[in-house]
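A look at the structure
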Amino acid sequence: MARSVKPRSIVLATRNPHKIAEIKAILGGRIQYESIGDFLGISVKEAGRTLVDNSLTKAAFTFKVSGKPSLADDSGLFIEALDGKPGVYSARYGSDDNERITKVLKQLANEKNRRASFKAVFIYYYAPNTYAVFEGECRGMIADEPRGSSGFGYDPIFIPKGYSKTFAELGEKVKNRISHRAKALIRFKKYLTNL
Ligand code: IMP
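Now for a quick tour of the structure.

Conventions adopted
- Residues numbered from 1 in each chain as written.
- Predicted model: local features only at pLDDT ≥ 70, side-chain atom pairs only at ≥ 80, totals over all residues.
- Heavy atoms only, no water.
- Salt bridge = Lys/Arg side-chain N within 4 Å of Asp/Glu carboxyl O.
- Helix = DSSP H or I, 4+ residues; strand = E, 2+ residues; numbered from the N terminus.
- Buried < 20%, exposed > 50% of the residue type's maximum accessible area, 1.4 Å probe, protein only.
- Near = heavy atom within 4 Å.
- Polar contact = N/O pair within 3.5 Å; in protein donor to acceptor, adjacent residues only side chain to side chain.
- Areas by Shrake-Rupley, 256 points an atom, 1.4 Å probe, with all protein chains shown as cover.
- 1 Å grid on protein atoms, 1.4 Å probe; cavity = no way out; pocket = protein on both sides within 12 Å on 5 of 7 lines; lining within 4 Å.
- Sits in = over half its atoms within 2 Å of the grid points.
- Nonpolar A, V, L, I, M, F, W, Y, C, P; charged D, E, K, R; others polar.
- Contact = heavy atoms within 4.5 Å.
- Patch = residues over 30% accessible without salt bridge, like charges linked within 9 Å, V, L, I, M, F, W, Y side chains within 5 Å.
- Lys, Arg positive; Asp, Glu negative; His and termini not counted.
- Charge placed at Lys NZ, Arg CZ, Asp CG, Glu CD.

1. A word on the pattern of salt bridges
This structure, assessed with the given rule, holds eleven salt bridges. For Arg181, the salt bridge goes to Asp73, with nearest N and O atoms at 3.9 Å. Taken as a pair, Arg181 in helix H6 (residues 180-193) and Asp73 in strand S3 (residues 70-79) lie far apart in primary sequence, 108 residues in all. Pair check on accessibility: Arg181 and Asp73 agree, each one buried. Within the structure, one salt-bridge network assembled from shared partners comprises Lys19, Glu22, Asp73, Asp155, Lys175 and Arg181.

Okay, structure coming up:
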């Protein structure tokens, strides 16, 4: 198996500016980041049934196109009372963030169990057929109504455990310490440090 060596640059398999900003803020350091958008105008379809499947498809594709160490992630919101929905389909649960949030709140109307978890899987693909997996989870509750304006996606309705405000009210500084992506990326950062 190819040995992983400290990369000078990493290609991020996402075009989402919020995610790119979060990844840079958490990883920081001396690494240069490029985006798959710098190489290609098309996106990979997320057709897998798990976060790992989707993340691996994106990471392998980005490595193939760029020829450089690539980092892909897939994430989603898993709601206990909805049997884990929207889960791996979080991005496709409605046509925009507003519609997705409205759908979730409607499905949870009169539901007392508001427990939910954000999960993230990062895959660092650094040589042909060779990669490492990093996972992170942030537990919390679904709010009764959307609150706050920072972040993206389901941030206005997710209250992380130990807090009374939503991610969208807490802001990016707090979110980048405790989020599912932060936890997975901190693991990835440790891995890079040890190379
Ligand atoms: P993907 O990882 O780009 O496939 O996106 C998964 C979807 O899950 C996003 O489009 C959001 O709807 C949702 N999601 C993932 N992470 C977050 C987050 O940190 N805040 C809010 N929504 C998120």
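2. Some details on the site of the ligand
The environment of the ligand is formed by 15 residues, the closest being Lys19, Asp74, Asp155, Lys175 and Arg181. One nitrogen or oxygen atom from the side chain of Asp74 is found 2.8 Å from an oxygen atom belonging to the ligand. In this structure, a nitrogen atom belonging to the ligand sits 2.6 Å away from a side-chain N or O atom of Asp155. Relative to its free-state accessible area of 480 Å², the ligand is covered by the protein chains to the extent of 92%. When atom positions are compared with the pocket grids, the ligand is found to occupy the largest pocket. Among the elements of the structure, S3 and H6 are those that each provide at least two residues to the shell around the ligand. Among the elements that line the shell around the ligand, the one with the most residues is S3, at three residues. For the shell around the ligand, the per-class residue count stands at four nonpolar, five polar and six charged.

3. Looking at the side chain of Asp155
With respect to the element layout, Asp155 can be found in the loop between strand S6 (130-142) and strand S7 (158-160). Engagement of the side chain of Asp155 in a polar contact is seen with the backbone nitrogen of Phe152, the distance being 2.9 Å. Residues within four places of Asp155 in sequence aside, it is in contact with Phe118, Ser150, Thr166, Phe167, Ala168 and Lys175.

4. Description of a positive patch on the surface
A cluster of like positive charges, contributed by Lys119, Arg139, Lys161, Lys183, Arg187 and Lys190, occupies part of the molecular surface. Looking at which element gives the most residues to the positive patch, the answer is H6, with three residues. Mapped onto the secondary structure, Lys183 falls in helix H6.

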